[in-house]
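Here is how the chains run, residue by residue.
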Amino acid sequence: MTGNTVIVVQARMSSSRLPGKVMMPILGESLLARMIERLKMIRHKALVVIATSEESADDIIEREANRIQVPCFRGNLNNLLDRHYQAGKKYNADTVLKIPSDCPLIDPQIIDQVLDFYFDHAGEYDYVSNLHPATFPDGNDVEIMTMACLEKTWREATKTLELEHTTPYIWENHQNFRIGNVIWETGKDFSMSHRFTIDYEADYLFIKRVYEELYFAKHDFSCDDIIRLLEQKPEIYEINSRYAGVNWYRNHMDELKTISSDQTKLTF
């Protein structure tokens, strides 16, 4: 591996559906701290940076970052593209990973798998993810881009959607970028059936239960471990199953050319 890899974790307190979700407690730590703990389990060398806003409500996130000894960058509240770009620039990134803070069950092995593909094809791709198309359970979102790709996007993107969600300009203008995708090696697609992310109270209860069941026996429990748990105890799966397939795409179907209706749940 060559170059400086920076994982940018976007986090804020003002979530519209579940305010303060990143600071909700999981086994005596904040959800954000638990997620950072998992990011630090990857094999690849990378600097993890928490990118929050300049709003006073997010002072608590900066304090948490300091407490767990992770660099904190503060930038624009709504322009996430600018926040990622400025954080990447500040920490001299050659490669930037975008991983949202609502993925506290993200599997470090899946991150490594996407990074392996990116570095095994060094110089061949501007952007690599496991989302286009998505096959892993929702909440294992990994997007990797060169700093040059991020800078081009930062300079050219203008739509509110592109600024709020950082990467749509890339995959919506795929003719201008070299794009790669990593699919789940099992051949399965759980992207619409299994929900390991947090946006609702039920998601928090699900995630908390998974940690309580798995963490003490195996701190670095995997996606496969979670799936086995849900097979053994289907009542845990049911906690947030009504939200499976619900994602931010559903609010932008009239704007997204590359996302089809079977990639999001429109009603629940």
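Structure: above.
In short, a report on the structure. Keep in mind that this is a model prediction, so the values were computed, not measured. (Residues numbered from 1 in each chain as written. Predicted model: local features only at pLDDT ≥ 70, side-chain atom pairs only at ≥ 80, totals over all residues. Heavy atoms only, no water.)

This structure, assessed with the given rule, holds 14 aromatic pairs. For the pair Tyr211 and Tyr215, a centre-to-centre distance of 5.9 Å together with 40° between the ring planes defines the contact as tilted. Every member of this aromatic cluster is reached through a ring pair, and the members are Tyr211, Tyr215, Phe216 and Phe221. The ring of Phe177 is capped by Lys152, whose NZ or CZ atom sits 5.8 Å from the centre of that ring. (Phe/Tyr/Trp six-rings, centres within 6.5 Å; stacked < 30°, edge-to-face > 60°. Lys NZ or Arg CZ within 6 Å of the ring centre and 35° of its normal.)

Opposite charge on two side chains allows them to pair when their charged atoms are near. Taken as a whole, this structure holds 22 salt bridges when the rule is applied. The partner of Asp225 in a salt bridge is Lys218, with the nearest N and O atoms 2.8 Å apart. (Salt bridge = Lys/Arg side-chain N within 4 Å of Asp/Glu carboxyl O.)

Further remarks concern helix 2 (residues 59-67). Three or more residues of helix 2 are buried, namely Ile61, Glu64 and Ala65. Considered in projection along helix 2, the buried side chains sweep an arc of 100° and stay on one side of the axis. Turned more than 90 degrees away from the buried face of helix 2, the exposed residues are Arg63 and Asn66. The elements touched by buried residues of helix 2 are strand 3 (29-30), helix 1 (31-39), strand 4 (47-53) and strand 5 (72-75). (Buried < 20%, exposed > 50% of the residue type's maximum accessible area, 1.4 Å probe, protein only. Helix = DSSP H or I, 4+ residues; strand = E, 2+ residues; numbered from the N terminus. Arc of directions from axis to C-beta. Contact = heavy atoms within 4.5 Å.)

Below, the discussion takes up helix 8 (residues 201-214). End to end, helix 8 covers 20 Å across 14 residues, agreeing with the expected 20 Å (1.5 Å per residue, within 8%). Those residues of helix 8 lying buried are Ala202, Asp203, Tyr204, Phe206, Ile207, Val210, Tyr211 and Leu214. At its buried positions, helix 8 is contacted by strand 2 (25-26), helix 1, helix 9 (223-232) and helix 10 (234-237). (Expected span 1.5 Å × (residues − 1).)

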